[in-house]
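Below, each chain spelled out in residue letters.
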Amino acid sequence: MEELERRIENLRIDLRRATIAGDSARARELRAELRRTDKAWEDALAALAPSVDEPELAGHPGSLLSIRDQVHQALTLVGGASAPKLIAAVQDAFFGGGLSGSKLTHLRRDEERSFRSSPHARPYYLCSALTADRLTAARGLLAVSTWPLSRRMIGPLSPRVDFLTAAIHVAEQVGRMGEPTLPAMRLLWRFATTIPGAGENFDVLEWKTVAEAARAELAIHSDADLADREAAATRAGTQLDDVQQLFGTVLEVVSRSTTEH
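Residues numbered from 1 in each chain as written. Predicted model: local features only at pLDDT ≥ 70, side-chain atom pairs only at ≥ 80, totals over all residues. Heavy atoms only, no water.

Per the secondary structure count, the chain includes 10 helices and 3 strands. In the chain, the order of α-helices and β-strands from amino to carboxyl end is α-α-α-α-α-β-β-β-α-α-α-α-α. Looking at the chain as a whole, 41% of its 261 residues qualify as buried. Taking the intrachain contacts of the chain between residues at least 6 apart in sequence as the baseline, contacts between residues at least 24 apart amount to 60%. (Helix = DSSP H or I, 4+ residues; strand = E, 2+ residues; numbered from the N terminus. Buried < 20%, exposed > 50% of the residue type's maximum accessible area, 1.4 Å probe, protein only. Contact = heavy atoms within 4.5 Å.)

In this structure, Ser 82 sits in the loop between helix 3 (67-78) and helix 4 (84-94). Taking relative accessible area as the criterion, Ser 82 reaches 1% and is therefore assigned buried. For Ser 82 and Ala 143, which are 61 residues apart along the polypeptide, the C-alpha to C-alpha distance reads 6.9 Å. Each residue touching Ser 82, except ones within four places of it in the same chain, is listed here: Leu 75, Ile 87, Gly 140, Leu 141 and Leu 142.

Residues with a pLDDT of 70 or more make up 85% of the chain, whose mean pLDDT is 85. Put simply, helix 10 (residues 256-260) is where the chain has its lowest mean pLDDT, 49, and strand 3 (residues 153-154) is where it has its highest, 97. Note that residues 49-62 has pLDDT below 50 and, in this model, 17 contacts with residues that lie over four places away or in other chains. (pLDDT = per-residue confidence, 0-100.)

Using the criterion set out here, one finds 11 salt bridges in the structure. A salt bridge links Glu 217 to Arg 160; its shortest N-O distance comes to 2.8 Å. In this pair, Glu 217 sits in helix 8 (residues 207-239) while Arg 160 sits in helix 6 (residues 158-176), placing the two residues 57 residues apart along the sequence. By relative accessible area, which is 16% here, Glu 217 ends up buried. Judged by its relative accessible area of 26%, Arg 160 falls in the partly exposed class. Residues joined by salt bridges that share partners form a network here, namely Arg 68, Glu 111 and Arg 122. (Salt bridge = Lys/Arg side-chain N within 4 Å of Asp/Glu carboxyl O.)

Our next topic: the pairing of strand 2 (residues 137-144). For strand 1 (residues 126-131) and strand 2, the ladder comprises 4 bridges, and the chain directions are antiparallel. In the strand pairing of strand 2, Cys 127 is matched with Ala 143. The hairpin turn running from strand 1 into strand 2, its antiparallel successor, is 5 residues long, and Leu 135 in that turn takes a positive phi close to 60°. (Pairing = 2+ DSSP bridges.)

It is worth spelling out the environment of Val 144 at this point. Here Val 144 shows up in strand 2. Here Val 144 falls in the buried class, since its relative accessible area comes to 0%. For the pair Val 144 and Ala 81, spaced 63 residues apart in the sequence, the C-alpha separation amounts to 7.9 Å. If we skip the residues at most four places from it in the chain, Val 144 touches His 72, Leu 75, Tyr 124, Tyr 125, Cys 127 and Arg 152.

Residues Val 71, Phe 94 and Leu 187 are the most contacted members of the largest nonpolar core, which totals 53 residues. In terms of residue count, helix 6 provides more of this core than any other element does, 8 residues in total. Once you skip the residues sitting within four places of it in the chain, Phe 94 turns out to touch Leu 77, Val 170, Gln 173, Val 174, Met 177, Ala 184 and Leu 187. Grouped together as the second largest cluster of nonpolar side chains are 9 residues, Ala 132, Leu 149, Ala 233 and Leu 240 included. (Core = buried A, V, L, I, M, F, W, Y, C linked by side-chain atoms within 4.5 Å.)

Here it is in structure tokens:
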């Protein structure tokens, strides 16, 4: 797999050079080879799955879904960009998938590789949240490509807004459960402990109280946060290509001698 990854990277460099040089025949040849190599990488990755995932299937029915589908399921419930640790906690609390944060380490990179190889070929991609100021990938935050661009932007108030939004959705999901499980209540308590008025004691924790407290604080921040996100989304929509809108720009290092000139 490491050899294939190096080959993919070299092919991309050659493809970029051929495109810049206007050599369309060479570019078509390189694209075809890139697709074949990427497919070989996907096959090699799939070959690793039985030794890693099969033990989990017996203990966790939810893990019949692929890891990316489990992440999509958790992100859809939460409703905003989230860190792997929260994604794993939501999946465990409500779907029993047995996800771990370590499994998500390379997921975003794999999604970007897939998108570059065959753009828009999948119904959705697990992508990056983008920083509102620099339009780069927000470190450690995953989002869903089908969300509006503004929802994937992270401004100064966005981490708190997304946290409160997640608290509301988690609380409402707990409310839909006939008998909430202990993992679900523990997750709800994690939110409640950092929201004023959400609850003082785990033993008397109420999902409605958590949701109401989260909504009360959210009302304070939501308008300003939305304005920041929409302004950043407008910039991103005009400045970034399709890949960059999903996975962010790469900051270029400017040498000191260049800046002096």
